[in-house]
Amino acid sequence: MHSAAAMNPPRILDGKALATTVLATCRAEAAALHAQGITPGLAVVLVGEDPASQVYVASKARTCAELGFYSRKIELPATTTQQELLDVVCTLNADPAIHGILVQSPPPKHIDEAAIIRAIDPRKDVDGFHPENVAKLVLEDPSGFVPCTPAGCIKLLDSAGLATAGAEAVIIGRSMIVGKPLALLLVSKHSNATVTIAHSRSRDLPAICRRADILIAAVGRPEIVKASWIKPGAVVIDVGINRLADATKKSGYRLTGDVAYDEVAPLCAAITPVPGGVGPMTIAMLMQNTLQAARQSEFKKIQKPNFFLDHA
Ligand code: NAD
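Residues numbered from 1 in each chain as written. Predicted model: local features only at pLDDT ≥ 70, side-chain atom pairs only at ≥ 80, totals over all residues. Heavy atoms only, no water.

### What about the site of the ligand?
At step 1: Residues in contact with the ligand amount to 21 residues; listed here are only the nearest, Arg174, Ser175, Val239, Ile241 and Thr282.
At step 2: At 2.5 Å, a side-chain N or O of Ser175 approaches an oxygen atom of the ligand.
At step 3: Note that an oxygen atom of the ligand is positioned 2.6 Å from one of the side-chain N or O atoms of Thr282.
At step 4: Here the ligand, which alone exposes 860 Å², has 73% of that area covered by the protein.
At step 5: Counting residues per element, the shell around the ligand draws most heavily on helix H10 (residues 278-297), which supplies three residues. (Near = heavy atom within 4 Å. Polar contact = N/O pair within 3.5 Å; in protein donor to acceptor, adjacent residues only side chain to side chain. Areas by Shrake-Rupley, 256 points an atom, 1.4 Å probe, with all protein chains shown as cover. Helix = DSSP H or I, 4+ residues; strand = E, 2+ residues; numbered from the N terminus.)

Have a look at this one:
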């Protein structure tokens, strides 16, 4: 059994504070672009009335306003057809005021999300989900857009000075939004980790996790990661955001991660809280990607680095 008493208190990786720093840099870069007659523009498309999506979309619009970006929120009814949504994307692709397009996930069931993603101009795909950007991530091509949540996880590790080179990294979850792109980033020449991706069909998940110097949970199951899964001194990044009913809260729910924080934290060298860990970093990275899109749309005038070069 692990002895919490023998460990130093964990370092809490404060994503809210780091996101504030990243956003301050974004605001300064936006001001520099304004001076050259460019206003970074982000369009966020929301189909239907998923309450969590409405919160995310509102928060993206608010952050754009704080940074001096132009933002356009397009709210469509849940009955919107595939073709109607494709038409909206097509119009945004052609709009020079819009540098980044994001269609909030998940769309209603009748929408083919992959087809919508493929319809977004890859130069405006600030989520980094278009096949062209996925290929650029594999190729470590800095002109591509890196998905926001995985980029935020790497930024948290880097900013805390936590070594990844040669480390055993285990990611639980193989989604295209988090698990797979994060595995590519961790194994890239930027991070140089040795990476395992575990998923719902993995055998003996606790044993796989116990190998991890860096454990990243992106599962969507509240507090699935227990103290007995942790190698003492590991770094734990909790991507999960789960809403649990809680009558004591005004909203009627509370947020919890995929990690049983109270029992896991004492064993860790560092850990992210939920909320206030990865979540705020996701929005900050979206703003960085939108700036990158705005710069690259004017690439003949301005040449500025992005993810891989920033972190070289
Ligand atoms: P997803 O449902 O697409 O993928 C979940 C993954 O977990 C799958 O690959 C599945 O194989 C794996 N999994 C499911 N049950 C498992 C089990 N019992 N054991 C091992 N693996 C299991 O989810 P996602 O979009 O990758 O999101 C994962 C979590 O991260 C969710 O809670 C989501 O809300 C959260 N999330 C947070 C942010 C953020 O900004 N912090 C961004 C995206 C997603």
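From this point, the discussion proceeds with the structure in view.
### Considering the pattern of salt bridges
At step 1: Applying the stated criterion across every chain, the model contains six salt bridges.
At step 2: As a salt-bridge pair, Glu132 and Lys136 come within 3.9 Å of each other at their nearest N and O atoms. Of this pair, Glu132 and Lys136 both sit in helix H5 (residues 131-139), separated by four residues, roughly a single helical turn.
At step 3: Glu132 sits in the partly exposed class, given a relative accessible area of 37%.
At step 4: Close ionic contact of Asp213 with Lys231 constitutes a salt bridge, the shortest N to O distance being 2.8 Å. Linking Asp213 in the loop between helix H8 (205-210) and strand E7 (214-217) with Lys231 in the loop between E7 and strand E8 (235-238), this pair joins segments that are 18 residues apart in sequence.
At step 5: By relative accessible area, which is 32% here, Lys231 ends up partly exposed. (Salt bridge = Lys/Arg side-chain N within 4 Å of Asp/Glu carboxyl O. Buried < 20%, exposed > 50% of the residue type's maximum accessible area, 1.4 Å probe, protein only.)

### A closer look at the pairing of strand E6 (residues 194-198)
Within a regular strand, side chains alternate between the sheet's two faces.
At step 1: Strand direction decides the pairing type here: strand E5 (residues 168-172) and E6, joined by five bridges, are parallel. Note on E6: the bridge partner recorded for Ile171 is Ile197.
At step 2: In this region the chain leaves E5, passes through helix H7 (residues 179-187) and returns to the parallel neighbour E6; the handedness of that crossover is right-handed. (Pairing = 2+ DSSP bridges. Right-handed = clockwise from strand over helix to strand, strands pointing away.)

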